[in-house]
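# Summary of structural features
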Amino acid sequence: MGYAEIYAAWKADPEAFWMEAAQAIDWVSPPTRALNDDNAPLYEWFTEARVNTCWNAVDRHVEAGRGDQAAIIYDSPVTGIKRRITYAELKDQVASLAGGLVTKGVTKGDRVIIYMPMVPEALVAMLACARIGAIHSVVFGGFAANELAVRIDDAAPKAIIAGSCGIEPGRIVEYKPLLDAAIEMANHKPDFTVILQREQCLANLTPGRDYAWNEFTSGVEPADCVPVEGNHPAYILYTSGTTGQPKGVVRHTAGHLVALNWTMKNIYNVDPGDVYWAASDVGWVVGHSYICYAPLIHGNTTVVFEGKPIGTPDAGTFWRVIEEYNVKVLFTAPTAFRAIKREDSRGEFIKKYDLSSLKALYLAGERADPDTIHWAGDKLGVPVIDHWWQTETGYSIAANPLGIEALPVKIGSPSVAMPGYDVQILGDDGHPMPAGELGAIVVKLPLPPGTLPTLWNAEDRFKSSYLNAFPGYYETGDAGYIDEDGYLYIMARTDDVINVAGHRLSTGAMEEVLAAHPDVAECAVIGVTDQLKGQLPLGFLCTNSGTSKSDADIVTECVKLMRDRIGPVAAFKHAVVVDRLPKTRSGKILRGTMVKIADGDTYKMPATIDDPAILDEIEEALKTLGYAGG
Ligand code: COA
Ligand code: AMP
């Protein structure tokens, strides 16, 4: 069957579709029904089933004779370490860590925060939680102590598992002082921490609270898999919303297993045993779904790569990894390819390696610009598949499903809706927009298995963020259109979220940080177009009258404040002091107009603007930073 038939079959009977996909999972008690709409518009899938994620991702492959197959290949150009971990070894490591957690009182439903760099132990920690029904929440290493503290207070973890350090090109990022500061700041205190001591930096441990990973896991009784209900939360992953309080996206166990497993063959066209590489980070949803869970559930070999596309040591790193491990599919963010292309536009490094194992490149996380797609396709000679998804959905909403059928590619479009998603474009008044016309991108409820059922501790926020604007639909927060052939085009966010090097950040959260500076009276943060990272944040500051500090000093302090509060990942390097901010007569800051001015785009003078002359001042200020044609 081709894509059109499969999509139509799903639409005709979604429950039958997902019940069939569920057969690929090992159940403790199989599902008797797929959708649970008892509490609509909140939906769940496979509620009554009982299952264990770790069993499906690890143990069952050992039982089935794949024990000697590599589950994880760890390649770390920043430390020079390469390691291969078989499914049998992974099972032992996971069961030991899980055993240690159980000994210290962690049980089903307890939360565990994981704050780790790109090492295999990050996956071991996630799977150990899954093994005992603990709910993990992984926090990206590039976030500062304050962001970690916010997540500790919201998730209220019993334990935190962390690395002693991460390694960024040219510097070692000590995680333990950040962790200590976060625990100090948070109101909730974990019972204990487990620290993976890396030789690049040994952390100081507080006796009675901090345990070294090696001692913690040695000599303990290995833990067995604990069956959980289908709607048991597998994890919470915090993502940026419109305010400084991140949203805790919840992922239920059974739907996650069924949907991710389905995507591996149908979307990525890999078979068990194939090597699959998502070059992202476990701290992001791509890392959860496609570094850890999906490849392992499906019996693939996953690559854990601790490095960057360039500079570790050069723009040929990706190609070396593909050749060395026979990678069949590479998945990364377009920004990684822009970085490589900038260093090696002629693709000289590509010519040095045998890339015959590579069958396709998948891009997501931000808009894939046509230049990058053309360059990657020309140089690699494989299909380049743009696909669109979000932390909330956990896997792609729209894609070109190579395992079903290679659809014609339309550059600039992540192709078509996947089974499970009835994607529509609505105008402000909630009416469907005709083909080719821009509107809010929504998905008709219910969302498919594996997508978010709610937000952690915040059901009302879940409804107000996603369900209330268009009753009966999930609001994606993206705007775009669908063409006559059903191809989707993602044009912009409709909220304050920006995308910096594939990392999702909130300008609202950044404004909260700037507003906390004692000399800042008012501020705005916008995302301006950047050739490498897609977007970069830019701050506008109105200072308090009577401050004795110079504008330059205030800007420097604000840049530092952002790094301390949100972290280096915010990439907040530029701000400018202005007298006033452009606003509507009702006081709303005209951020969209400021973005257009910064990017040198034409814009219409907003009819509701309070004082048009301010836009000239903004343009002048932007020119001093090299924007607005300056
Ligand atoms: N721990 C600590 N710091 C981190 C970090 C981590 N895990 N990850 C990034 N940082 C720091 C970086 O060191 C950098 O700090 P600096 O300001 O001192 O230079 C800052 O955060 C910004 O990092 P990054 O966005 O990675 O930019 P970069 O300039 O170091 O590299 C790219 C640019 C394009 C090479 C890089 O962004 C990249 O490889 N992106 C791939 C995209 C990706 O994986 N997206 C995930 C979603 S699919
Ligand atoms: P995240 O939750 O970090 O995965 O970010 C999700 C957001 O990234 C989406 O809502 C989009 O705005 C953007 N995004 C992800 N993939 C794509 C894509 N293929 N094309 C355009 N935008 C994308």
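In the block above lies the structure referred to throughout.
So, here's what we can say about the structure. In this text the structure is predicted, and so the values were computed from the model without any measurement. (Residues numbered from 1 in each chain as written. Chains lettered and ligands numbered in written order. Predicted model: local features only at pLDDT ≥ 70, side-chain atom pairs only at ≥ 80, totals over all residues. Heavy atoms only, no water.)

Our next topic: the packing of aromatic side chains. In the structure shown here, the tally under the stated rule is 33 aromatic pairs. When the centroid spacing of 5.6 Å and the interplanar angle of 90 degrees are considered together, the rings of tyrosine 290 and tryptophan 389 count as edge-to-face. With a gap of 99 residues between them, tyrosine 290 in helix α10 (residues 285-297) and tryptophan 389 in the loop between β20 (384-386) and β21 (398-399) connect regions that are remote in the sequence. Tryptophan 389 matches tyrosine 290 in its accessibility class, with the two residues each being buried. Relative to tyrosine 474, the ring of tyrosine 466 has its centre 5.3 Å away and its plane inclined at 20 degrees; by these criteria the two rings are stacked. For tyrosine 466, a relative accessible area of 2% puts it in the buried group. Three or more aromatic residues joined by ring pairs form one cluster here, namely Tyr268, Tyr276, Tyr290, Phe331, Tyr362 and Trp389. (Phe/Tyr/Trp six-rings, centres within 6.5 Å; stacked < 30°, edge-to-face > 60°. Helix = DSSP H or I, 4+ residues; strand = E, 2+ residues; numbered from the N terminus. Buried < 20%, exposed > 50% of the residue type's maximum accessible area, 1.4 Å probe, protein only.)

With that out of the way, let us pick up the environment of glycine 365. Locating glycine 365 in the fold gives a position in the loop between β19 (360-363) and α14 (370-380). With 53 residues separating them along the chain, glycine 365 and methionine 418 place their C-alpha atoms 17 Å apart. Once you skip the residues sitting within four places of it in the chain, glycine 365 turns out to touch Asn499 and Gly502. (Contact = heavy atoms within 4.5 Å.)

The alternating pattern of β19 places Ala360 and Tyr362 on one face and Leu361 and Leu363 on the opposite face, and all of these are buried. In this structure, strand β18 (residues 327-332) lies alongside β19, joined through four bridges in parallel fashion. Bridge pairing in β19 links threonine 332 to leucine 363. Pairing analysis gives three bridges linking β19 to β20, with the strands arranged parallel. Looking at β20, one finds that leucine 361 is bridged to valine 384. Note on the crossover from β19 through α14 to β20: the handedness is right-handed. (Pairing = 2+ DSSP bridges. Right-handed = clockwise from strand over helix to strand, strands pointing away.)

When you line up the elements, alanine 279 lands in the loop between β16 (275-278) and α10. With a relative accessible area of 16%, alanine 279 lands in the buried category. Separated by 29 residues in sequence, alanine 279 and lysine 308 have C-alpha atoms that sit 8.8 Å apart.

This paragraph deals with the nonpolar core. Core analysis: the biggest nonpolar cluster contains 120 residues, and Trp18 and Tyr290 have the highest contact counts within it. Sorting elements by how many residues they give to this core places helix α5 (residues 120-132) first, with 10 residues. The residues contacting tryptophan 18, other than those within four sequence positions of it, are Trp10, Trp45, Phe46, Val258, Ala259, Trp262, Tyr395, Pro419, Gly420, Pro448 and Pro449. Of all hydrophobic cores here, the second largest spans 71 residues; its members include Ile183, Cys542, Ala598 and Leu615. (Core = buried A, V, L, I, M, F, W, Y, C linked by side-chain atoms within 4.5 Å.)

In this structure, the amide linkage connecting threonine 312 to the following residue, proline 313, adopts the cis form with an omega of -5 degrees. Position of proline 313 relative to the elements: it lies in the loop between β17 (301-305) and α11 (317-325). Geometrically, the link from leucine 445 to proline 446 is a cis peptide bond, its omega value of 0 degrees lying close to zero. Of note, serine 415 is a non-glycine position whose phi angle comes to about 70 degrees, a positive value.

A separate point is the site of ligand 1. Among the 23 residues in the neighbourhood of ligand 1, the closest are listed as Glu168, Arg171, Lys533, Arg563 and Lys573. Here a nitrogen atom of ligand 1 and a backbone polar atom of glycine 141 are 3.3 Å apart. Interatomic distance of 2.6 Å between a side-chain N/O atom of glutamate 168 and an oxygen atom of ligand 1. Each residue belonging to the shell around ligand 1 can be placed in one class, and the counts come to 11 nonpolar, six polar and six charged. (Near = heavy atom within 4 Å. Polar contact = N/O pair within 3.5 Å; in protein donor to acceptor, adjacent residues only side chain to side chain. Nonpolar A, V, L, I, M, F, W, Y, C, P; charged D, E, K, R; others polar.)

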